[in-house]
Amino acid sequence: METQREKIRSRVSALVVSGFPSIAERFDPKVSLQNLGLDSLDLVDLVFSIEAEFQVKFDNDELLQISFIEDLVNLIYEKSRR
Amino acid sequence: MSRVYVTGVGVVAPGANSLDDVRRLISSRESLLQPESVCVAGNALWLLAGRTDHNNATRKPRAVTMALEAVRRGLQQANLDSSAGAVYREGLRLYVGSGIGPLDAVEAGYEDWFASGKPTHPLTVVRGMHNGIAAEISITNGLTGCTRTFAMACASSAAAIASAVRDIQRRDAHGAIVCGVETPLTPAMLDAWIAMRVYANPHKDSRHSGACMPFDLHRSGLALSEASVAFVLESEKSVAARGVKPIVEVLGSGESSDATHLTNPSVDGQCVCMAAALNDANLSPDDIGYINAHATGTVVGDRVEATAIGRIFGTEALVSSTKGLHGHALGAAGALEAAFTIAALTSRLAPPTLGLREVGPDCSHIRHVVDVAEPIAPSKAAMSNSFAFGGHNVSLVFAAT
């Protein structure tokens, strides 16, 4: 059965692929967002759509902690448990 | 003073994706303006507008991707798109004219905020900033030199051309990329123009009503269009060094400010501008065979410009406004109409004013090109006028090589 984290991971991955079609072909959740080709502007763009999708809010400090998809998954998971 | 030549023209405009397309349009007798529906205060309204076939599949603003494509095409024609051209490109100055900038990004960025108080998209600032167009052109093409942006309403891109021409004339630059772009066909912007009561017959509900009719007795206003046109300008030394064939020479430019009113143009201000352009080009009025007028189809604007042209040129020069064909591209109009002027010169044909059926008596004292294109006398030069809201005036003079 799909865990809560797995559900979040697949939704975040879908947001990345739909938001940045140019990286869809090489998308790999284990590769850092930077190495996928997303820059700092792309990250705030992605976080904007994640905030809308999951009804959560990220602090500026939290943005600095995000390097991998998994970092986003963990942050969303913790916020949704509160 | 160096001579200045146009060596590349990139076009993204209604009905035209190259200078050759523009040449074909010179003889066109059918307007490119199409009826389309906009929603104003909850009511559907038909109006005419000129759209390009540009397909923006990216998340960048439409003005940015249109400008990038126009510059790419211009560099290609100037033979500067190869890796051999990359070294040369680095030294080119960049001049970008746009009246409003990346409007679609601004409207989209704030749409949710205004409508429902939802958060503003975090990239609204960088997507909507006026200089973003120039920045994207610089980044894409590795232009590391001086950049200038011009926001002077409908004279924006003509002012950009004039400034580049002066810098090359004075040998401050050996070459320049000049790009004009405007994408005003967004719901709120169209509504704003309709509200100003200058849109061609905006309140008729038939989809076939409404026409842009510059200089006509029954003219009722302008029709907006989107466009981006880019030029590669080079000094005579640069042209010789690269061994490229110039398309036309830019003989000079003139600029003036009415300093009278935000929207009511001044005959005197426009006369000063055209006279300054003639002086810069070292020509007399008799040397001009064709004038591409700014004339947008508004009652007052066309009358003032016809009066000013008549005062300087009498009935000698052929005069037409191509806005009945492609509409008013606002900040891109100067660049788009410079391309039409260049196409007219190189094909020796003056395009007609489409939509003009019966010349208004207040516009009758100049020599109109009506219905069909007319030959431009050999050895004559051509002028393109851009007379903007705010009273900013720019005239450019081109000659065949």
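Residues numbered from 1 in each chain as written. Chains lettered and ligands numbered in written order. Predicted model: local features only at pLDDT ≥ 70, side-chain atom pairs only at ≥ 80, totals over all residues. Heavy atoms only, no water.

Quick look at a nonpolar patch on the surface
Piece 1. Residues Leu41 of chain A together with Val125, Val126 and Met129 of chain B make up a contiguous nonpolar surface patch of roughly 300 Å² in combined accessible area.
Piece 2. By relative accessible area, which is 34% here, Val126 of chain B ends up partly exposed. (Patch = residues over 30% accessible without salt bridge, like charges linked within 9 Å, V, L, I, M, F, W, Y side chains within 5 Å. Areas by Shrake-Rupley, 256 points an atom, 1.4 Å probe, with all protein chains shown as cover. Salt bridge = Lys/Arg side-chain N within 4 Å of Asp/Glu carboxyl O. Buried < 20%, exposed > 50% of the residue type's maximum accessible area, 1.4 Å probe, protein only.)

A look at the environment of Tyr88 of chain B
Residue and element names in this part refer to chain B.
Piece 1. Inspection of the secondary structure assignment puts Tyr88 in helix H3 (residues 83-89).
Piece 2. Overall, Tyr88 belongs to the buried group, its relative accessible area being 17%.
Piece 3. For the pair Tyr88 and Arg242, spaced 154 residues apart in the sequence, the C-alpha separation amounts to 9.5 Å. (Helix = DSSP H or I, 4+ residues; strand = E, 2+ residues; numbered from the N terminus.)

Considerations on the confidence of the model for chain B
All names here are of chain B.
Piece 1. Considering every residue of chain B, the mean pLDDT works out to 93; 98% of them sit at 70 or more.
Piece 2. Low pLDDT (under 50) marks residues 205-209, which in the prediction has five contacts with non-local residues, meaning those over four places away or in another chain.
Piece 3. Here the predicted complex scores 0.92 on pTM and 0.76 on ipTM. (pLDDT = per-residue confidence, 0-100. Contact = heavy atoms within 4.5 Å.)

Some remarks on unusual backbone geometry
Residues and elements named next belong to chain B.
Piece 1. Positive phi outside glycine occurs at Ala259, with the angle close to 55 degrees.
Piece 2. For Ala259, the location among the structural elements is in the loop between strand S8 (248-257) and helix H10 (267-281).
Piece 3. The phi dihedral of Arg348 is positive, around 55 degrees, even though this residue is not glycine.
Piece 4. The residue Arg348 is located in the loop between helix H13 (333-347) and strand S11 (349-350) in this model.

Overview of the environment of Phe68 of chain A
Residue and element names in this part refer to chain A.
Piece 1. With respect to the element layout, Phe68 can be found in the loop between helix H4 (60-63) and helix H5 (69-81).
Piece 2. You can call Phe68 partly exposed: its relative accessible area is 34%.
Piece 3. Put simply, Phe68 and Lys30 are 38 residues apart on the chain and 7.1 Å apart in space, counted from C-alpha to C-alpha.
Piece 4. Those residues in contact with Phe68, other than ones at most four positions away along the chain, are Lys30, Val31, Ser32 and Leu33.

Thoughts on the interface of chain A and chain B
Piece 1. At the junction of the two partners, chain A supplies seven residues and chain B supplies eight residues.
Piece 2. Regarding the contact of chain A and chain B, the summed buried area is about 620 Å², with carbon and sulfur atoms giving 68% of it.
Piece 3. Contact with chain B buries surface across chain A, with Leu41, Asp45 and Phe48 of chain A losing the most and accounting together for 70% of the total.
Piece 4. The partner of Arg127 of chain B in a salt bridge is Asp45 of chain A, with the nearest N and O atoms 3.2 Å apart. (Buried area = accessible area lost by both parts, 1.4 Å probe.)

A look at the packing of helix H1 (residues 19-26) of chain B against H13 of chain B
To describe two helices that pack against each other, one gives the angle between their axes and the distance between the axes.
Residues and elements named next belong to chain B.
Piece 1. The geometry of H1 relative to H13 is characterised by a closest axis approach of 9 Å and an angle of 75 degrees between their N-to-C directions. Relative to H13, the element H1 is oriented roughly perpendicular. Here H1 contributes Leu19, Val22, Arg23, Leu25 and Ile26 to the contact with H13, which in turn contributes Ala339, Phe340, Ile342, Ala343, Ala344, Thr346 and Ser347.
Piece 2. A per-class count over the contact of H1 with H13 returns nine nonpolar, two polar and one charged. (Axes fitted to C-alpha atoms, helices over the stretch in contact; angles between N-to-C directions. Parallel < 35°, antiparallel > 145°, perpendicular 65-115°, else oblique. Nonpolar A, V, L, I, M, F, W, Y, C, P; charged D, E, K, R; others polar.)

Notes on helix H1 (residues 4-19) of chain A
An α-helical turn contains 3.6 residues, so a residue and the one three or four places further along point in the same direction.
Residues and elements named next belong to chain A.
Piece 1. Between the first and last C-alpha of H1 there are 22 Å, a value that for 16 residues agrees with the 22 Å anticipated at 1.5 Å per step.
Piece 2. Within the span of H1, buried status applies to Ile8, Val12, Ser13, Leu15, Val16 and Gly19. In an axial view of H1, the angular spread of the buried residues amounts to 160 degrees, which keeps them on one side of the axis.
Piece 3. Of the surrounding secondary structure, the elements contacted by the buried residues of H1 are helix H3 (40-54) and H5. (Expected span 1.5 Å × (residues − 1). Arc of directions from axis to C-beta.)

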